[in-house]
Amino acid sequence: QVQLVESGGGLVQSGGSLRLSCAASGRTFNTMGWFRQAPGKEREFVGARTWSGVSTYYADSVKDRFTISRDNAKNTVYLQMNSLRPEDTAVYYCAAGSTTTVQAVRDTRRYDYWGQGTQVTVSS
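Residues numbered from 1 in each chain as written. Predicted model: local features only at pLDDT ≥ 70, side-chain atom pairs only at ≥ 80, totals over all residues. Heavy atoms only, no water.

1. Quick word on the side chain of arginine 70
No. 1: Its place among the elements puts arginine 70 in strand β7 (residues 66-71).
No. 2: One buried charged residue, arginine 70, forms no salt bridge at all, with the nearest opposite charge on aspartate 71 at 8.8 Å.
No. 3: Among the polar contacts made by the side chain of arginine 70, one reaches the main-chain carbonyl oxygen of arginine 49 at a distance of 3.0 Å.
No. 4: Residues contacting arginine 70, with those up to four places away along its chain left out, are Phe29, Asn30, Met32, Arg49, Thr50, Trp51, Thr76, Val77 and Tyr78. (Helix = DSSP H or I, 4+ residues; strand = E, 2+ residues; numbered from the N terminus. Buried < 20%, exposed > 50% of the residue type's maximum accessible area, 1.4 Å probe, protein only. Lys, Arg positive; Asp, Glu negative; His and termini not counted. Salt bridge = Lys/Arg side-chain N within 4 Å of Asp/Glu carboxyl O. Polar contact = N/O pair within 3.5 Å; in protein donor to acceptor, adjacent residues only side chain to side chain. Contact = heavy atoms within 4.5 Å.)

As structure tokens, this is what we get:
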């Protein structure tokens, strides 16, 4: 049975940092992605990384502030978030899927499994 378990969310001041973790069990996937959803808004792409590590993609809004890494031995992917802003406040989800193309990794429909989500709140 496939499970994605996220952790690491919380409350942080503007300019601060948080690291989210997503532990996958059951199998490995070509791509692990991170998405977020703020109240009243659609779920949006944050970033994704292929299991091989060859390709990593980021949304323009988080580029140069967020970094995705993964520990293959632990089957875990991380989202390091620096220089956080109030507009980063959202529930963050990790997702797992097979797609690897630069456009497809941004599409929520291309992911087969999702974590339960973790709240990130950035105060001004």
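2. Considerations on the pairing of strand β8 (residues 76-81)
No. 1: The buried fraction of β8 is high, at five of six residues.
No. 2: Bridge analysis of strand β3 (residues 18-25) against β8 gives six bridges, and the strand direction is antiparallel. Counted as the bridge partner of alanine 23 is threonine 76 from β8.
No. 3: Examined bridge by bridge, β7 and β8 share six bridges and lie antiparallel to one another. Considered in β8, the bridge of threonine 67 is made with glutamine 80. (Pairing = 2+ DSSP bridges.)

3. Considerations on the nonpolar core
No. 1: Counting 34 residues, the largest nonpolar core has Met32, Trp34, Phe66, Leu79, Met81 and Tyr92 as the members making the most contacts within it.
No. 2: Looking at this core, the elements with two or more residues in it are β3, β4 (31-37), β5 (44-50), β6 (56-58), β7, β8, β9 (90-97) and β11 (118-123).
No. 3: Of all the elements, β9 adds the most residues to this core, at five residues.
No. 4: Non-local contacts of tryptophan 34, meaning those with residues more than four positions away in its chain, are made with Leu20, Ser21, Cys22, Phe45, Val46, Gly47, Ile68, Val77, Tyr78, Leu79, Tyr93 and Cys94. (Core = buried A, V, L, I, M, F, W, Y, C linked by side-chain atoms within 4.5 Å.)

4. Some words on the packing of aromatic side chains
No. 1: Counted according to the given criterion, the structure contains six aromatic pairs.
No. 2: With centroids separated by 5.7 Å and ring planes inclined at 75°, the aromatic side chains of phenylalanine 35 and phenylalanine 45 adopt a geometry described as edge-to-face. With phenylalanine 35 in strand β4 and phenylalanine 45 in strand β5, this residue pair connects regions lying ten residues apart in the sequence.
No. 3: For phenylalanine 35, a relative accessible area of 0% translates into the label buried.
No. 4: With relative accessibility at 10%, the residue phenylalanine 45 sits in the buried group.
No. 5: Seen in terms of ring centroids, phenylalanine 35 and tryptophan 114 are 5.2 Å apart; in terms of plane orientation they differ by 55°. Their pairing is tilted. You can see phenylalanine 35 sitting in strand β4 and its partner tryptophan 114 sitting in strand β10 (residues 111-114), a full 79 residues away along the chain.
No. 6: A connected cluster of aromatic rings, assembled from ring pairs, spans Phe35, Phe45, Tyr93, Tyr111 and Trp114.
No. 7: Here the guanidinium or amino end of arginine 43 rests over the ring plane of tyrosine 93, the centre of that ring lying 3.7 Å away. (Phe/Tyr/Trp six-rings, centres within 6.5 Å; stacked < 30°, edge-to-face > 60°. Lys NZ or Arg CZ within 6 Å of the ring centre and 35° of its normal.)

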